[in-house]
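# Residue-level structural notes
In case you want the letters, here they are:
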Amino acid sequence: MMQAGESASTTAGQIAAQPAADLAIATRGLRKVFDGKVAVRSLTLEVPRGEIFGFLGPNGAGKSTSLKMLLGLVRPTRGQATVLACPAGDVRTRRKIGFLPEHFRFYDWLTSAELLRLHGRLYGMSRDRLRRKIPELLDLVGLAEHAGKRLRDFSKGMLQRIGLAQALLNDPELIFLDEPTSGLDPAGRRLVRDIIKAQRQRGATVLLNSHLLSEVEITCDRVAFIKHGEVIETRDLKSLLEGQTTVRVHAANLTPEMAAGVERWASSVALQDHQLTLSVPSREVLPQVLRYLVSRGAEIYEFTPQRLSLEERFLEIVGSDGGL
Amino acid sequence: MGIWIMAGVTFREAARKKILWMALAAGLAFLALFGTGLHYQMKDLAARGMKPILLKQIPGAMLMVGLYAIDLLTVVMTVLVSVDTLSGEIASGTIQAVATKPLPRWQIVLGKWMGFAAMMTAYLGLLVGGINAITYGMARVTAHNVPQGFALMWLEGVLLLSVTFFFGTKYSTLTNGVLALGLVGLAFLGGWIEQIGAATNTTSAVNVGIVASILMPSEALWRRAANAMQSPLAGMLNISPFSSASLPSFTMVAYAGVYAALALFFAVRRFSRRDL
């Protein structure tokens with residue numbers, strides 16, 4: 001029987017029959033049961049190298065446990081997982097992996113520079129390389145001025161930033177980010193987005209676990225919707241957000257004739273005072289609609305295509321009960 | 001390599017958190033107290049014109065009491081300092097960032113263990129060395145066989161360290177502490193029951209003590225250490241509380257060594273297999 005994740009992948013037309021070496025992550029029927037309680041039912045997933053992949057699902061859907069299984073922190077009860085073409089948790093493969101845990105905690109008696117040095121040494125990095133890399137990373141995450149400050153004096157956002165820096169120390173091929181923007185202010189979130197983009201350009205694969213759908217929407221190439229520890233669907237984000245678009249027009253001089261006129265491109269047309277809403281099957285017809293309205297004398301103040309947000313799609317797929 | 005990094009971190013953590021310095025200060029205070037007590041004792045005995053042979057026995061007895069206190073202090077300090085290292089880091093998630101680095105999990109456990117073992121060795125060395133130096137300086141008396149006594153006390157520290165690590169891979173910090181110190185208390189009581197039983201020829205009481213030693217052989221190690229360190233005269237005359245009417249056998253020492261090794265082995269194994 002085909003797994004949910006498998007069929008969705010195939011329909012998305014992205015990663016069917018990828019050779020194993022081209023996959024950063026491949027899992028088949030991964031399952032985890034804690035004391036009789038199923039945390040992850042059956043996770044089947046393929047993430048090609050170089051992709052920014054989002055893990056979406058309600059709280060308790062098994063996202064973090066799935067990540068931990070891929071990292072070798074948690075032993076699967078059943079199923080298989082390969083990470084960078086090696087069994088998940090393989091010690092040598094960890095040299096190529098970066099990980100930011102959900103609640104990044106580390107020895108708070110260390111300074112941020114010491115923390116990075118210690119992690120670098122655990123990665124087996126040379127002192128010379130670390131001497132170059134540490135100031136570079138502290139600068140990248142905006143903590144250059146706090147190199148000598150102890151982590152116990154850090155705010156939650158600062159801890160998140162230093163955690164991110166340690167996840168990038170070894171120029172990893174695969175980076176796991178578990179809720180990287182939690183605790184960050186808007187500037188911090190922007191920073192995370194920029195870092196993820198830079199990693200994409202470097203050719204790294206990023207697995208992003210986030211409940212902030214807008215973050216995922218901006219950064220990810222593909223997403224997997226997870227519910228009850230199972231991949232309900234994996235979708236290309238572009239295709240997910242394409243298609244039916246609702247447009248809101250705010251204009252003076254709108255008439256019922258105009259509303260009837262736009263029906264040749266649009267459906268669900270509704271006119272109320274100075275506002276016209278309509279739904280088009282594709283964004284390509286929008287310039288024609290706009291040109292038509294202007295030519296008929298409408299004075300347009302606002303013409304806003306309302307894309308179906310990931311959130312709506314998320315609720316549609318996962319269900320408004322949040323999968324509980 | 002990972003082992004040394006983890007051992008170094010453990011040591012640095014103790015230093016940074018001032019645990020090391022506090023333990024050192026407490027140790028020095030202990031020695032100062034002992035030295036002061038011995039000083040007045042010697043002064044008083046000399047003033048009374050005590051016979052030289054007895055003049056040696058009294059500081060010798062004080063030395064044994066001091067060594068017993070050191071033994072208990074070392075065991076309790078070892079448990080307290082290391083009790084949170086695995087369970088605490090597992091509970092807080094701190095371990096996750098380390099356990100996903102390219103080092104096998106056994107290196108995390110052994111590295112930490114080595115860091116604590118090094119601290120315990122230094123602490124014990126300072127106190128045993130210090131107390132002997134003081135009694136020698138004031139009364140020209142030292143423990144009879146210091147290296148053997150030290151080795152046995154060291155093994156006791158290692159035993160408790162390994163047991164604490166073993167419990168730390170499964171239980172919470174508090175439960176771990178209760179279990180480890182509970183076993184020490186059991187061994188302590190069992191040891192004295194055995195001693196008294198032997199002195200009064202009560203076989204059942206001796207057996208109770210042996211069973212306690214099998215459950216936790218820490219007190220048995222101390223009694224072997226005391227036997228090695230006290231003056232042969234005091235041992236023969238049965239005038240000291242450490243005369244060891246029922247001296248634990250060498251097999252018990254070997255058993256304690258195997259016990260410590262197995263505790264550490266199973267700590268490593270359980271930590272390597274458990275979910276973090």
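Since we're looking at a predicted model, the values are computed, not measured.

## As for the overall build of chain A
- Each helix and strand in chain A was counted, giving 11 helices and 14 strands.
- The 324 residues of chain A split such that 51% are buried.
- Sequence separation of 24 or more characterises 69% of the internal contacts of chain A that already satisfy a separation of 6 or more.

## Some points on the overall build of chain B
- The number of helices and strands found in chain B is 12 helices and zero strands.
- Going residue by residue from the N terminus, the α and β elements of chain B occur as α-α-α-α-α-α-α-α-α-α-α-α.
- A compact globule built from 276 residues should have a C-alpha radius of gyration of about 19 Å, and chain B, at 20 Å, falls within 12% of that.
- Reported as C-alpha extents along the three principal axes, the dimensions of chain B are approximately 70 × 45 × 30 Å.
- By residue count, 51% of the 276 residues in chain B fall in the buried class.

## Considerations on the pattern of salt bridges
All names here are of chain A.
- By the definition in use, this model includes 19 salt bridges over all chains.
- Between E136 and K133 there is a salt bridge, with the nearest N and O atoms lying 3.5 Å from each other. Linking E136 with K133, this pair stays in helix α4 (residues 127–140), spanning three residues, or about one helical turn.
- Taking the relative accessible area as the measure of exposure, K133 reaches 10% and is therefore buried.
- Salt-bridge contacts for D221 lead to R200; the nearest nitrogen and oxygen are separated by 2.4 Å. Of this pair, D221 sits in the loop between α7 (213–219) and β9 (222–227) while R200 is found in helix α6 (residues 186–202), placing the two residues 21 residues apart along the sequence.
- Classification of D221 as partly exposed rests on a relative accessible area of 26%.

## Quick notes on the sheet that holds strand β12 (residues 267–272) of chain A
All names here are of chain A.
- The strand order across the open sheet built from four strands is β12-β13-β11-β14, with neighbouring strands paired in antiparallel fashion. What marks the edges here is a single partner per strand, and that holds for β12 and β14 (299–306). Pairwise comparison of adjacent strand axes, ignoring direction, gives a mean angle of 15 degrees for this sheet.
- Examined bridge by bridge, strand β11 (residues 245–252) and β14 share seven bridges and lie antiparallel to one another. Along β14, the bridge assignment pairs A251 with I300.
- Packing of helix α10 (residues 286–295) onto the sheet brings it into contact with β11, β13 (275–280) and β14, and relative to β14 it is tilted by some 160 degrees.

## Concerning unusual backbone geometry
Residue and element names in this part refer to chain A.
- Here A85, not a glycine, exhibits a phi torsion of approximately 65 degrees, which is positive.
- Its place among the elements puts A85 in the loop between β4 (78–83) and β5 (86–87).
- One non-glycine residue with positive phi stands out, namely D171, at about 45 degrees.
- When its relative accessible area of 34% is taken as the criterion, D171 is described as partly exposed.

## A word on the nonpolar core
- In this structure, F106(A), F176(A) and L67(B) are the most contacted members of the largest nonpolar core, which totals 148 residues.
- For F176(A), the residues in contact, after removing those within four places along its chain, are I25(A), L67(A), L70(A), L71(A), I97(A), G98(A), F99(A), L100(A) and L207(A).

## Points about the interface of chain B and chain A
- Listed by partner, the interface residues are 27 residues for chain B and 27 residues for chain A.
- Counting each side, the surface lost to burial between chain B and chain A is near 2700 Å², with a carbon and sulfur contribution of 60%.
- On the chain B side of the interface with chain A, the three residues burying the most area are R16(B), K101(B) and P102(B), jointly 25% of the side's total.
- There are two salt bridges connecting chain B and chain A.
- Looking at the side of chain B that touches chain A, the elements with two or more residues in it are α1 (2–16), α4 (87–92), α5 (94–99), α6 (105–139) and α12 (250–273) of chain B.
- Of the residues forming the side of chain B that touches chain A, the biggest block, six residues, is contributed by α1(B).
- Of the residues contributing to the side of chain B that touches chain A, the split by class is 11 nonpolar, five polar and 11 charged.

## Concerning the pairing of strand β7 (residues 174–178) of chain A
Residue and element names in this part refer to chain A.
- Here β7 lies mainly inside the structure; five of its five residues are buried.
- The side-chain alternation of β7 yields two buried faces, one formed by L174, F176 and D178 and the other by I175 and L177.
- Where strand β6 (residues 97–100) meets β7, four bridges bridge the pair, whose relative direction is parallel. Note that in β7 the partner of I97 across the bridge is L174.
- Here β7 pairs with strand β8 (residues 205–209) via five bridges, running parallel.

## Description of the pairing of β8(A)
- Taking burial as the measure, the five residues of β8(A) include five buried ones, the bulk of the element.
- In β8(A), alternate side chains face the same way, and those of T205(A), L207(A) and N209(A) on one face and V206(A) and L208(A) on the other are all buried.

Rules behind the numbers
- Residues numbered from 1 in each chain as written.
- Chains lettered and ligands numbered in written order.
- Predicted model: local features only at pLDDT ≥ 70, side-chain atom pairs only at ≥ 80, totals over all residues.
- Heavy atoms only, no water.
- Helix = DSSP H or I, 4+ residues; strand = E, 2+ residues; numbered from the N terminus.
- Buried < 20%, exposed > 50% of the residue type's maximum accessible area, 1.4 Å probe, protein only.
- Contact = heavy atoms within 4.5 Å.
- Rg over C-alpha atoms; globule rule 2.2 N^0.38 Å.
- Salt bridge = Lys/Arg side-chain N within 4 Å of Asp/Glu carboxyl O.
- Pairing = 2+ DSSP bridges.
- Axes fitted to C-alpha atoms, helices over the stretch in contact; angles between N-to-C directions.
- Core = buried A, V, L, I, M, F, W, Y, C linked by side-chain atoms within 4.5 Å.
- Buried area = accessible area lost by both parts, 1.4 Å probe.
- Nonpolar A, V, L, I, M, F, W, Y, C, P; charged D, E, K, R; others polar.

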